[in-house]
Amino acid sequence: DRFVAEGWSMKKLIRAIVLTRTFQLTHAPSAAALEADPTNRLLSHYPARRMEAEAIRDALLATSGRLDRTHYGLSIPAYREKDYADRRLFKGPLDGNGRRSIYIKVTLMEAPKFLEVFNFPGGKVCQGRRDVTNTPAQALALLNDPFVLGQADVWAKHLIERKGDTVETRIDAMFRMALGREPRKAEQERFARFAAQVATSYHVPADGVLSSTAVWRDVGQAMFNLQEFITIP
């Protein structure tokens with residue numbers, strides 16, 4: 001009735017929905033909610049959603065500081081190891097020159113590999129709704145894909161340029177950049193211990209931790225692999 005009364009406006013309907021208390025609930029259920037509504041049938045908490053493939057890629061670029069926010073322009077060929085001229089598939093830069101995922105060229109022959117892992121729809125079949133899967137290939141991509149490793153390295157190089165940091169303040173800054181929030185005390189302590197362990201494995205002296213690209217590359221990659229990084233709470 002409200003939709004009709006407001007002139008069948010989709011924009012007004014969406015605005016009304018997203019401003020409701022239900023839509024703004026946290027995805028973490030309380031103990032009482034788990035007991036009363038264990039399957040969340042009554043929407044006692046907000047169901048967490050994994051981000052779309054393009055948003056995950058853009059989030060990696062934005063967090064590392066590599067994202068090019070320029071609007072419009074030519075599309076960028078997707079990254080692949082070599083050209084396949086017979087199929088009109090050509091090599092593109094690993095990070096797409098930092099361009100947002102909307103500017104990555106999509107061909108009928110082959111979807112961009114990194115995006116495809118996260119259910120990016122193919123170009124041959126019309127798909128009205130995307131699949132949302134949780135597969136080992138996705139975890140492996142965030143651990144091993146050269147694009148992810150490259151963005152962790154870019155981020156690390158930006159981090160070591162910061163002046164006046166301690167390990168703890170740098171971890172605080174990384175949480176703000178990657179997750180948009182401050183770390184909890186236990187999280188800060190866990191990442192500080194991890195940074196110390198990584199420094200030991202690379203034989204980095206205590207006074208060189210803050211200037212070591214290798215240390216902060218690994219810490220950054222670990223943060224990229226947090227479930228919260230690819231999830232909309």
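Heads up: the structure comes first, above all this text.
This text gives an overview of the structure that appears in the document.

Rules used throughout
- Residues numbered from 1 in each chain as written.
- Predicted model: local features only at pLDDT ≥ 70, side-chain atom pairs only at ≥ 80, totals over all residues.
- Heavy atoms only, no water.
- Helix = DSSP H or I, 4+ residues; strand = E, 2+ residues; numbered from the N terminus.
- Buried < 20%, exposed > 50% of the residue type's maximum accessible area, 1.4 Å probe, protein only.
- Contact = heavy atoms within 4.5 Å.
- Lys, Arg positive; Asp, Glu negative; His and termini not counted.
- Charge placed at Lys NZ, Arg CZ, Asp CG, Glu CD.
- Axes fitted to C-alpha atoms, helices over the stretch in contact; angles between N-to-C directions.
- Parallel < 35°, antiparallel > 145°, perpendicular 65-115°, else oblique.
- Left-handed = near helix turned anticlockwise from the far one by under 90°.
- Nonpolar A, V, L, I, M, F, W, Y, C, P; charged D, E, K, R; others polar.
- Salt bridge = Lys/Arg side-chain N within 4 Å of Asp/Glu carboxyl O.
- Core = buried A, V, L, I, M, F, W, Y, C linked by side-chain atoms within 4.5 Å.
- Polar contact = N/O pair within 3.5 Å; in protein donor to acceptor, adjacent residues only side chain to side chain.
- Phe/Tyr/Trp six-rings, centres within 6.5 Å; stacked < 30°, edge-to-face > 60°.
- Lys NZ or Arg CZ within 6 Å of the ring centre and 35° of its normal.

1. Here's the deal with the overall build of the protein
Secondary structure summary: the protein contains 10 helices and 2 strands in total. Each helix (α) and strand (β) of the protein, taken in turn from the N terminus, gives the series α-α-α-β-α-α-α-α-α-α-α-β. With the C-alpha coordinates of the protein rotated into their principal frame, the extents come out at 65 × 60 × 35 Å. Residues counted as buried form 38% of the 233 residues belonging to the protein. Relative to all contacts within the protein whose residues are 6 or more apart in sequence, the contacts with residues 24 or more apart total 57%. One way to put it: in the protein the 34 positive side-chain charges average out to a point 5 Å from where the 27 negative ones average out.

2. Focus on the packing of helix α8 (residues 167-179) against helix α10 (residues 213-224)
At their nearest, the axes of α8 and α10 sit 11 Å apart, and the two run at 40° to each other. Considering the angle they form, α8 stands oblique to α10. Like other packed secondary-structure pairs, α8 and α10 cross with a definite hand, here right-handed. Facing V167, R170, I171, M174, F175 and A178 of α8, the residues of α10 in contact are W216, V219, G220 and M223. Of the residues in the contact of α8 with α10, the class split is 8 nonpolar, 1 polar and 1 charged.

3. Here we look at the environment of R69
Structurally, R69 is set in the loop between α4 (53-64) and α5 (113-117). For R69, a relative accessible area of 61% corresponds to the exposed category. Taking the C-alpha atoms as reference points, R69 and R100, 31 residues apart in sequence, are found 7.1 Å from one another.

4. Notes on the pattern of salt bridges
Applying the stated criterion across every chain yields a total of 16 salt bridges. A salt bridge links E54 to R130; its shortest N-O distance comes to 2.7 Å. With E54 in helix α4 and R130 in the loop between α5 and α6 (136-144), the pair connects residues that are 76 residues apart, well separated along the chain. For the salt bridge of D218 with R217, the shortest nitrogen-to-oxygen distance reads 3.7 Å. With relative accessibility at 26%, the residue R217 sits in the partly exposed group. Three or more residues joined by partner-sharing salt bridges are found here, namely D153, K157, R217 and D218.

5. A word on the nonpolar core
Grouped together as the largest cluster of nonpolar side chains are 40 residues, with contacts concentrated most on L60, F114, V215, W216 and F229. Residue assignment for this core shows that the elements contributing at least two residues are α4, α5, α6, α7 (146-159), α8, α9 (185-201) and α10. Aside from chain neighbours lying at most four places away, what touches F114 is I56, R57, L60, A141, D145, F147 and V148.

6. Let's talk about the side chain of R57
Looking at the element boundaries, R57 is found in helix α4. A polar side-chain atom of R57 sits 2.8 Å from the main-chain carbonyl oxygen of R99. Setting aside anything within four residues of it in sequence, one finds R57 in contact with D95, G96, R99, R100, S101, I104, F114, L115 and F147.

7. A closer look at the packing of aromatic side chains
With the rule as written, the count across this model stands at 6 aromatic pairs. Pairing F3 with W8 gives two aromatic rings, centres 5.4 Å apart and planes at 70°, and the pair type is edge-to-face. Residue F3 is classed as partly exposed on the basis of its relative accessible area of 26%. Ring geometry for F114 against F147: centres 5.3 Å apart, planes inclined by 65°, an arrangement best described as edge-to-face. Taken together, the residues span a long stretch of sequence, with F114 in helix α5 and F147 in helix α7 at a distance of 33 residues. When sorted by exposure, F114 lands in the same class as F147, which is buried. Chaining the aromatic ring pairs together yields one cluster made of F114, F118 and F147. A cation sits over an aromatic face here: R99 above Y103, 4.0 Å from the ring centre.

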